[in-house]
Amino acid sequence: MSIEDISTEFIVYFILYGGAAVSALIACIYLLLRMGNAFADGITPPLQLRRWAAAFFAVTFLGHIWWLLFYLYSGDVYSISCMVVNMLDCLGLMTTIPGTMLAMLQDRKRSIWPVVIATIPYAVFLGLNVAYPNRNFMNIAVYYVLLVYFVFTVYTLFAVRQYGRWLRDNYADLEHKEVLHSQVVVIAVSLLIVTYGFDGDNITISYIVQIASFGVFGFLLWRIDTMPKLDIMPVEQQEQPESQAKQPLNIPSNIEELLDERCVGTLLYLQHDLTLQQLAQSIGTNRFYLSQFFSRQGITYNAYINNLRINHFVNLYREAVAARQQVTAQQLASDSGYRSYSTFSLAFK
């Protein structure tokens, strides 16, 4: 085939395809080798998250390579080489995508082995496709993968809600800690990848997948570098007082007075990223008791701190108006303990 015989569509697609592969390789190298943070100075992302994401980028890069080699030297969808390439792609993505998403949730460790085991029926259908060449086997395999992704998506949404409750029980500032939008984007792209595998001959879908990959790579890198490592003890490692397992909870009666004295009176609630654990230490009580105290009040720790901060903001505003001072809402929000005006806006609403 001469260069004249190559269509413009193919050349454009090949450029996008190669660009996506190179971008994935660069992202992988960045996450593995760069010690600093290119997106958010002062934030240290979880090392486990960086490693999982680097593995995802590595699998994506290698996937571009081995699919290119397959179509150059074989192209037979009923061959053993096609089955091997499909299995490498599926196992790699179905391990690293869930691994990356679950590593964002720092409230507890969650195993990805169920997802890995779920690839076994996929391998069976691919084997049948090789032994008894039939497009239906490949279609069933793709639909099965879609089902696995759907089940994992549902599980992830529940896990993210659980993670959100954990955040509100332990952190006053949620900026860059919540992950729902990250999960939605990554899941959507993973489904797009599966769709591409099912209808890869469609040039429009091929273009969309390659173009979307640039956006998701950049978004994922930003998400990782802006997500701080959370130091609160994971749920399953939290130690409750021994008496808790033997008798009804008896919360110390003076917690409310201690909060008024050492949190409200000292304006401790204005401290950025004040955690439940730090507040418990400041008032000399157990974080478990303090968490239960807020639960009995029908509020979360996050709601308690933000209520104090909003009241502080209102008082500052009233003082400024009374003194006829020119102030901005952004400045008052900063003076009320908020790191960013957007976070204040959400809390105020």
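Preceding block: the structure.
1. Brief notes about the overall build of the protein chain
Piece 1. Helix and strand counts for the protein chain come out as 15 helices and zero strands.
Piece 2. For the protein chain, the proportion of its 349 residues judged to be buried stands at 43%.
Piece 3. Residue pairs in contact within the protein chain that sit at least 24 positions apart in sequence constitute 74% of those at least 6 positions apart.
Piece 4. Total accessible area on the protein chain stands at roughly 19100 Å², and carbon and sulfur atoms take up 61% of it.

2. Quick look at the packing of helix α10 (residues 255–264) against helix α13 (residues 301–322)
Piece 1. Relative to each other, α10 and α13 sit at 55°, their axes nearing to 13 Å. In terms of orientation, α10 lies oblique with respect to α13. Both α10 and α13 take part in a crossing whose hand is right-handed. Counted together, L259, C263 and V264 of α10 and Y304, I305 and L308 of α13 form the full contact between these two elements.
Piece 2. Partitioning the contact of α10 with α13 into residue classes produces six nonpolar, no polar and no charged.

3. Considerations on the packing of helix α3 (residues 80–103) against helix α5 (residues 120–131)
Piece 1. Their axes nearest at 9 Å, the elements α3 and α5 cross at an angle of 165°. With respect to α5, the axis of α3 lies roughly antiparallel. Along this stretch, α3 crosses α5, giving a crossing that reads as right-handed. Contacts between α3 and α5 pair I80, M83, N86, M87 and C90 from the former with Y122, A123, L126, G127 and V130 from the latter.
Piece 2. The class makeup of the residues in the contact of α3 with α5 is eight nonpolar, two polar and no charged.

4. Quick notes on α13
Piece 1. In a regular helix each residue adds 1.5 Å, so 22 residues correspond to 32 Å; α13 covers 32 Å between its end C-alpha atoms and thus fits that length.
Piece 2. Among the residues of α13, Y301, N302, Y304, I305, N306, L308, R309, I310, H312, F313 and A320 are the ones counted as buried.
Piece 3. Of the surrounding secondary structure, the elements contacted by the buried residues of α13 are α6 (135–170), α10, α11 (276–282), α12 (287–296), α14 (329–335) and α15 (341–348).
Piece 4. Positive backbone phi, approximately 55°, marks R324, located one or two places after α13.

What counts, and where the lines are drawn
Residues numbered from 1 in each chain as written. Predicted model: local features only at pLDDT ≥ 70, side-chain atom pairs only at ≥ 80, totals over all residues. Heavy atoms only, no water. Helix = DSSP H or I, 4+ residues; strand = E, 2+ residues; numbered from the N terminus. Buried < 20%, exposed > 50% of the residue type's maximum accessible area, 1.4 Å probe, protein only. Contact = heavy atoms within 4.5 Å. Areas by Shrake-Rupley, 256 points an atom, 1.4 Å probe, with all protein chains shown as cover. Axes fitted to C-alpha atoms, helices over the stretch in contact; angles between N-to-C directions. Parallel < 35°, antiparallel > 145°, perpendicular 65-115°, else oblique. Left-handed = near helix turned anticlockwise from the far one by under 90°. Nonpolar A, V, L, I, M, F, W, Y, C, P; charged D, E, K, R; others polar. Expected span 1.5 Å × (residues − 1).

Without other data, these values stay purely geometric and don't point to any function.
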